[in-house]
Structure formats: C-alpha cells, structure tokens
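# Observations on the model geometry
This is what each chain is made of:
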Amino acid sequence: MSVKQIPNRLKAALADNHKTSKWLADQLGKSDMTVSRWCTNRSQPSVHQLIRMKYRFIDLFAGAGGLSEGFIRAGYEPIAHIEMDHYACDSLKTRAAFHYLKENGKLEIYEEYLKNKKEKTDGSWLWNQVPKSVIDSVIQEAIGKETLPSLFERVDKLCNGK
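A brief look at the structure comes next.

Conventions used here
Residues numbered from 1 in each chain as written. Predicted model: local features only at pLDDT ≥ 70, side-chain atom pairs only at ≥ 80, totals over all residues. Heavy atoms only, no water. Helix = DSSP H or I, 4+ residues; strand = E, 2+ residues; numbered from the N terminus. Buried < 20%, exposed > 50% of the residue type's maximum accessible area, 1.4 Å probe, protein only. Areas by Shrake-Rupley, 256 points an atom, 1.4 Å probe, with all protein chains shown as cover. Lys, Arg positive; Asp, Glu negative; His and termini not counted. Charge placed at Lys NZ, Arg CZ, Asp CG, Glu CD. Axes fitted to C-alpha atoms, helices over the stretch in contact; angles between N-to-C directions. Contact = heavy atoms within 4.5 Å. Nonpolar A, V, L, I, M, F, W, Y, C, P; charged D, E, K, R; others polar. Phe/Tyr/Trp six-rings, centres within 6.5 Å; stacked < 30°, edge-to-face > 60°. Salt bridge = Lys/Arg side-chain N within 4 Å of Asp/Glu carboxyl O. Parallel < 35°, antiparallel > 145°, perpendicular 65-115°, else oblique. Left-handed = near helix turned anticlockwise from the far one by under 90°.

## What to know about the overall build of the protein chain
Check the secondary structure of the protein chain and you find 10 helices and 3 strands. Counting only C-alpha atoms, the protein chain reaches 65 × 40 × 25 Å along its principal axes. By the burial criterion, 31% of the 162 residues in the protein chain qualify as buried. Of the roughly 11,000 Å² of accessible surface on the protein chain, 56% is carried by carbon and sulfur atoms. Taking the average place of the 25 positive charges on the side chains of the protein chain and the average place of its 20 negative ones, the gap between the two points comes to 8 Å.

This is how it looks when you write it as structure tokens:
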C-alpha cells in the first residue's frame, strides 16, 4: 500500500474538531506549508519532530502540584494549574518559577531564593524573577458553576500564548 492510499488521520481529526491546518501550524509553531503536506500525505513529521512537540495539560484541583510534577518530568507542558487553596497556589507558583528557571539555565536564582527565604514569607521575590505569564498559569479559584465562565476565559487566554 503506498503512502497516498493510507487514510490521513490528522486531516480527519482536524475536520472532526472543526480546526484547520493553519490553526495546527500556529499551535505547533510550524509553517502552514509543512502542516499542509502532513495533511495531504505528501510528507510526514520525522520521529525527531514528533518528540519535540510537547503535549500540554491543565491541572484541575491541583493541590500543591504533585500530579503536575509528574507530568512535567514526563515532558508535558502545563497550561494552567487551578486550585482554590492559597498556600497550595503559593507552592504551585514556586514550582512553576523553578521549572522556568531550570529550563532557561538560571537555577542560581532559585538557589539564592532558597538560601535567603524567611519563615512565613511567600515566594514573591522568586516569582518576580520570572515572566508574569509563568505565575499567571496558577489560578486560585474554586471550580463551580458560577466560576466556570471566568475560568474558561482565563485558560483560553493562557492557551493563546502557547
């Protein structure tokens, strides 16, 4: 069976979800032409390209972030962590800052934070060392019927940046 005869699941999945190849190209940071070729079976992404594409997740009822830590260590990229507890959100912000600094080769900032942190203070100093978008990925909010519209709006804004 030639490549042309194999049904293209990518094209079908985009159609099923009312998305275009341009939308997918924007999401993946690829050119429209590249994704168009994938959708028409003129070419397919290499294993190397597939490995570099990150899966993303939203952590609901995030707690202090144990599940997020597992996903991040497995190579997934967080979009948002939603948790209602203030102290758990502080932990989530600190971990988000840690991962940003680690990814950008700036762990010395995190180490300085650990050495100088005072009891009963939050991580504001550390959080100010990373882009606001990193800290904004932590949403302190209860999940309920009355909060869902604003939560969806906030997560949508975070998705537009990724």
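This is not the end of the story, as more comes after the structure.
## So, the packing of helix α6 (residues 86-103) against helix α7 (residues 107-116)
It is the contact of α6 with α7, at a shortest axis distance of 7 Å, that shows an interaxial angle of 145°. In this structure, α6 contributes Thr94, Arg95, Phe98, Leu101 and Lys102 to the contact, and α7 contributes Leu107, Ile109, Tyr110 and Tyr113. Looking at side-chain class alone, the contact of α6 with α7 contains 6 nonpolar, 1 polar and 2 charged residues.

## Let's talk about the packing of aromatic side chains
Here the structure, examined in full by the defined rule, presents 5 aromatic pairs. Centroid distance Tyr55 to Tyr76: 5.8 Å. Interplanar angle 35°. Geometry classified as tilted. Of the two residues, Tyr55 sits in the loop between α4 (47-52) and β1 (56-60) while Tyr76 sits in the loop between α5 (66-73) and β2 (77-83), which places them 21 residues apart along the sequence. By relative accessible area, which is 60% here, Tyr55 ends up exposed. Overall, the relative accessible area of 30% leaves Tyr76 in the partly exposed class.

## Notes on the side chain of Lys93
Assignment of secondary structure puts Lys93 in helix α6. Buried and unpaired, Lys93 has Asp90 as its nearest opposite-charge partner, separated by 4.5 Å.

## Some details on the packing of helix α2 (residues 21-28) against helix α3 (residues 32-39)
Axis separation between α2 and α3 bottoms out at 8 Å; the angle between their running directions is 120°. The angle between α2 and α3 places the two elements in the oblique class. Seen from above, α2 lies across α3 with right-handed handedness. On the side of α2, the interface is formed by Ser21, Lys22, Leu24, Ala25 and Leu28, while α3 contributes Asp32, Val35, Trp38 and Cys39. Its residues placed into classes, the contact of α2 with α3 shows 6 nonpolar, 1 polar and 2 charged.

So yeah, pure geometry; function would need other evidence.
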